[in-house]
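What follows is each chain in one-letter form.
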Amino acid sequence: MTAPNRVLFDAPGPRARRRIRAATALSVLVIAGLIALGLHQFARHGQLDRTRWQPFGQWPYQRFLLQGLVRTLKAAGTAALIALPAGALLALGRLSPHRVLRLAAGGFVELFRSVPLLLVLYVFLMGIPRAGYTFPVFWELVIPVVLCTSALLAEVFRAGVLALDPGQAEAGHALGLGRRQVMWLVVLPQAVRLVVPTLVSQLVSLLKDTTLGYVVSYPELLNQGKVLGSYTHDFLQSYLTVTVVYVVVNAALSQLAEALERRGRRRPRADSAAGAGPGVPGPRAPKAAGSEALGAS
Amino acid sequence: MREVVAHIGYLAGGLGTTLELSLLGFAGAVVLGTLLTVMRVGPVLPLRVVGTLYVEVFRNVPLLAFLVLFVFGLPDAGITYSLFTSEAVCLALYFAAYVCEAVRAGINAVPVGQAEAARAIGMTFGQSLALVILPQAFRTMVQPLANIFIGVVLSSSLGAAVGVSELIGRTQWLDLQYDEPVPTFLLATAGYVLVTLTVALLAGRLQKRMAVRR
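The rules we used
Residues numbered from 1 in each chain as written. Chains lettered and ligands numbered in written order. Predicted model: local features only at pLDDT ≥ 70, side-chain atom pairs only at ≥ 80, totals over all residues. Heavy atoms only, no water. UniProt positions renumbered as here; feature names shortened; annotations may be inferred. Helix = DSSP H or I, 4+ residues; strand = E, 2+ residues; numbered from the N terminus. Axes fitted to C-alpha atoms, helices over the stretch in contact; angles between N-to-C directions. Left-handed = near helix turned anticlockwise from the far one by under 90°. Contact = heavy atoms within 4.5 Å. Nonpolar A, V, L, I, M, F, W, Y, C, P; charged D, E, K, R; others polar. Salt bridge = Lys/Arg side-chain N within 4 Å of Asp/Glu carboxyl O. Polar contact = N/O pair within 3.5 Å; in protein donor to acceptor, adjacent residues only side chain to side chain. 1 Å grid on protein atoms, 1.4 Å probe; cavity = no way out; pocket = protein on both sides within 12 Å on 5 of 7 lines; lining within 4 Å. Points joined across faces, edges and corners; volume = space filled by probe spheres on them.

Participant: Help me get a handle on the UniProt feature "transmembrane region" (unreviewed entry) in chain A, residues and values and all.
Facilitator: Residues and elements named next belong to chain A. Under the UniProt annotation, "transmembrane region" (unreviewed entry) lies at residues 20–43, 75–93, 100–125, 137–161, 182–204 and 236–257. Secondary structure content for residues 137–161 is 100% helix and 0% strand, while the C-alpha to C-alpha distance between its ends is 36 Å. For residues 236–257, helix accounts for 100% and strand for 0%, while the C-alpha atoms at its two ends are 31 Å apart.

And the structure:
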């Protein structure tokens, strides 16, 4: 766990240490009491009974949920594969010298950043079919996720480009490279490396977004949980299991993001050594990119 | 088209519910998130462990899964609230983790020398916190907190999936009633864009005014 904050505290003396020990003992008691209270509440309503949990130890039920997890990963993976390059292109569009391109990309990004994913989903579920186009359920989920995520990723990429030392681009120009060459050969490769940790943590939020498959009846993990819950009448157990699976999968992804960030920070780079915060490193990281853009997940 | 225009008051009411949910959820998240920060930066180990675990778990839970667990699961254990309350509580619990990260980053952005100077001139812990550290920390937190608020507004739409009649829920109902997807969805979009742009604009101004040159 994180060490006590250096900004706030000096090393404690003997009296402070005694107080800390007392507070530690007290907090252990309070935490244990709260857990006991929760368990008591569950037990009183028979939610801890063995029969209610038994299905989740059996392979057919587990396989059913695993199939949901596989579809979740499939939807998230497909969406990521499309949204990553789309986001990069949108960022390039926003940084482009052509006014029309800039306005179009900017409008797209601002629109899909400020609209909830669920609304886009309903447009695809209820609006577009009436215009005569229908998509398979998989794409009804993936396309809205791609639209919203690519807008968020565009801001991440743009932040990376803007955070790069302008000297890099100037050096490129000084060598006689054209605008496009500077972007592709000098700026983009470095910018992408700067934002890799943020991109990975965006994947967590993308995976969380796929739970909206629940709404379009795409049988992903949460939806499978719903079906299993109504089949066994154990909603609490089913949803709890599903939630734990999500936490485990996403925590693994977050770990990956942190490992990448640590690796990035180890490099002797003036930019990342100053390390403003998690996410986009560098002192000039623009305000547009919070350490993680929040989608409606 | 005419029916949809006639129901503009109904949609506006939905926007009102969205805002109510967002404000309640955000306020709860700020209070709980600040509390979590206190736990995480303090010297008491068990509290630090609980705070860290809380943030790790809630940042990795999909909000919809948590909402569904809360609304359809917990009643089995005898814990029942109204849909509106459930969603406000879920938003608060979920976004508290993000607020905690923002507040912690804000405190860590204050140079150590500031706190050392405060202690050196004999300020107590409370004084140095209230007069020196927090005022500086809050200035760097404006933008992240505004982003979180926008996140709360957008996420409050998930209430529609469990039956809360906020902006999206009402949009969907209108669309089913009158089969007019274009105007209904346009109006809902306008509602959300209006709110998020306003928040972003206000936050930008506030941040410019409060910016610290370091």
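Participant: Any details on the packing of helix 5 (residues 83–108) of chain B against helix 7 (residues 125–155) of chain B? Residues and values, ideally.
Facilitator: Residue and element names in this part refer to chain B. Closest axis-to-axis distance for the helix 5/helix 7 pair is 9 Å, and the angle between their directions is 150°. In this structure, helix 5 crosses over helix 7, and the sense of that crossing is right-handed. For the pair helix 5 and helix 7, the contacting residues are E87, L91, F95, Y98, V99, A102, V103, G106 and I107 in the first and I133, A137, T140, M141, P144, L145, I148, G151, V152 and S155 in the second. Residues belonging to the contact of helix 5 with helix 7 are distributed by class as follows: 14 nonpolar, four polar and one charged.

Participant: Tell me about the interface of chain A and chain B, residues and numbers included.
Facilitator: Contacts between the two partners involve 55 residues from chain A and, on the opposite side, 66 residues from chain B. Where chain A packs against chain B, one counts two salt bridges. Where D179 of chain B meets R130 of chain A, a salt bridge forms, and the shortest distance between an N and an O atom there is 2.5 Å. At the boundary of chain A and chain B, one finds 10 residue pairs in polar contact (both at pLDDT 80 or more). When contributions to the side of chain A that touches chain B are tallied by element, the ones reaching two or more residues are helix 1 (14–44), helix 4 (99–113), helix 5 (117–127), helix 8 (179–209), helix 9 (213–216) and helix 11 (235–266) of chain A.

Participant: Please provide a residue-by-residue account of helix 7 (residues 166–174) of chain A, values included.
Facilitator: Spacing of three or four residues puts side chains on the same side of an α-helix, whose turn is 3.6 residues. By the N-cap criterion, in which a side-chain oxygen at the helix start approaches the backbone nitrogen of a residue two or three places on, helix 7 of chain A is capped by D165 of chain A, the distance to G167 of chain A being 2.8 Å. Positive phi shows up at G176 of chain A, right after helix 7 of chain A, with a value of about 90°.

Participant: Now, about the UniProt feature "domain: ABC transmembrane type-1" (unreviewed entry) in chain B: what can you tell me, with residues and values included?
Facilitator: If you check UniProt for "domain: ABC transmembrane type-1" (unreviewed entry), the listed places come out as residues 15–203 of chain B in our numbering. Taken end to end, residues 15–203 of chain B comprises 84% helix and 0% strand; its first and last C-alpha atoms sit 21 Å apart.

Participant: Can you explain the layout of surface pockets? Please cite residues and give values.
Facilitator: Of the volumes computed, that of the second largest pocket is approximately 1500 Å³. What lines the second largest pocket is a set of 35 residues, among which L34 and I35 of chain A together with Y54, F58 and L93 of chain B lie closest to the centre. Elements that contribute at least two residues to the lining of the second largest pocket include exactly helix 1 and helix 11 of chain A together with helix 2 (8–41), helix 3 (45–60), helix 4 (63–73) and helix 5 of chain B. Take the lining of the second largest pocket: its biggest share by element is 11 residues, from helix 1 of chain A. Residues of the lining of the second largest pocket, tallied by class, amount to 31 nonpolar, four polar and no charged.

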